[in-house]
Amino acid sequence: MLKHLSLIKDRFNRARNIAADIDTPEKKRQFNQQHFSVAAKRYDLATRAMSLGRDRSWKKQLIATLPQGGTPNCLDLATGSGDLAFLLAQAYPTGKVIGLDLTTEMLQLAKERNNYHHLDFICADMAITGMAAGSFDIITGSYALRNAADLGAILNEIQRLLKPGGHAAFLDFSKPVSLAAQKGQFLLLKSWCGLWGLLLHGDPGIHAYIADSLKQFPDRNNLHLLIGESGLDLIASRRFYAGMLELSLVRKSG
Ligand SMILES: C[S@@+](CC[C@H](N)C(=O)[O-])C[C@H]1O[C@@H](n2cnc3c(N)ncnc32)[C@H](O)[C@@H]1O
């Protein structure tokens, strides 16, 4: 009993100190790989629960913002269990779709669900894909940019991989500009996501990580500036859930 209590105490302490585990790109990359290999076990359930069932509809809205029809080459970054990759495969039955992720346990979930002949999953770091420049018409990422070890590097990689005139769409938590709102959002996410980490994994840190990764992430205005600095044009953006999440559509000029 005492051993059990001390394990829970350790996990609460770790959940409080996640920031120190992700404060350099290399630490964050390693943390993510280890973290998502554990989170994979109940990932889909956790995503539905934490979003109160809204996540699926946000992802469908992301696909609806993309140019319709044609035979595009599509890449879904940080695909996880593949939700967006499957929606892309449905939306572009004569296109080609690749889902990419760093964590084999997450990719395994996606591969088990895959019945599409024009959809493949590959294991790679989204900032160093090794793919040819100008290969993709469409790039997507849900909860991808915030998980990047180095945000500037991933934005540059997206810019490099897109064909001129190509589109990228992102869905992620959106950090407000005011410090008071940032604090409120941090506390809300730390407790709400921590609660689901505790219920589903016996470890609050598993999902409380969302709050810490957002703390390191630029606020929504600075994110838009960084997107512009990487040579991509932000052409549409909308927010959900009282501004907690943002869907953004960007285009590479050409
Ligand atoms: C919160 S999950 C999002 C999964 C999926 N896109 C979704 O919306 O459900 C974040 C994913 O990012 C992946 N990831 C983290 N760092 C990565 C990196 N450097 N390169 C590729 N994938 C990465 C993790 O393995 C994990 O599957």
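Residues numbered from 1 in each chain as written. Predicted model: local features only at pLDDT ≥ 70, side-chain atom pairs only at ≥ 80, totals over all residues. Heavy atoms only, no water.

Caption draft 1: Up close: the pairing of strand β5 (residues 162-173). With nine of its twelve residues buried, β5 lies for the most part within the structure. Assessed by its sense of winding, the connection that carries the chain from strand β4 (residues 136-142) through helix α7 (residues 151-161) to β5 is right-handed. As judged from the seven bridges shared by β5 and strand β7 (residues 245-252), these two strands associate in the antiparallel manner. Looking across to β7, one finds that L171 is bridged to L247. (Buried < 20%, exposed > 50% of the residue type's maximum accessible area, 1.4 Å probe, protein only. Helix = DSSP H or I, 4+ residues; strand = E, 2+ residues; numbered from the N terminus. Right-handed = clockwise from strand over helix to strand, strands pointing away. Pairing = 2+ DSSP bridges.)

Caption draft 2: Broad picture of the site of the ligand. For the ligand, the set of nearby residues contains 17 residues, the closest of which are Y43, A78, D101, T103 and S142. Take D125: an N or O atom from its side chain is 3.2 Å from a nitrogen atom of the ligand. One can see that the ligand is located within the largest pocket. Within the shell around the ligand, the residues separate by chemical class into eight nonpolar, six polar and three charged. A domain split of the shell around the ligand shows at least three residues from each of domain 1 (1-50 + 176-215) and domain 2 (70-174 + 217-254). (Near = heavy atom within 4 Å. Polar contact = N/O pair within 3.5 Å; in protein donor to acceptor, adjacent residues only side chain to side chain. 1 Å grid on protein atoms, 1.4 Å probe; cavity = no way out; pocket = protein on both sides within 12 Å on 5 of 7 lines; lining within 4 Å. Sits in = over half its atoms within 2 Å of the grid points. Nonpolar A, V, L, I, M, F, W, Y, C, P; charged D, E, K, R; others polar. Domains from an automatic or database assignment.)

Caption draft 3: Summary view of empty space enclosed by the protein. According to the stated counting rule, one finds one cavity of 30 Å³ or more in the structure shown. Within this model, the largest cavity holds a volume of roughly 100 Å³. If you trace the largest cavity, you find 14 residues lining it, with D172, F173, F217, L223 and E246 closest to the centre. Elements with a minimum of two residues in the lining of the largest cavity: β5, α10 (220-229) and β7. (Points joined across faces, edges and corners; volume = space filled by probe spheres on them.)

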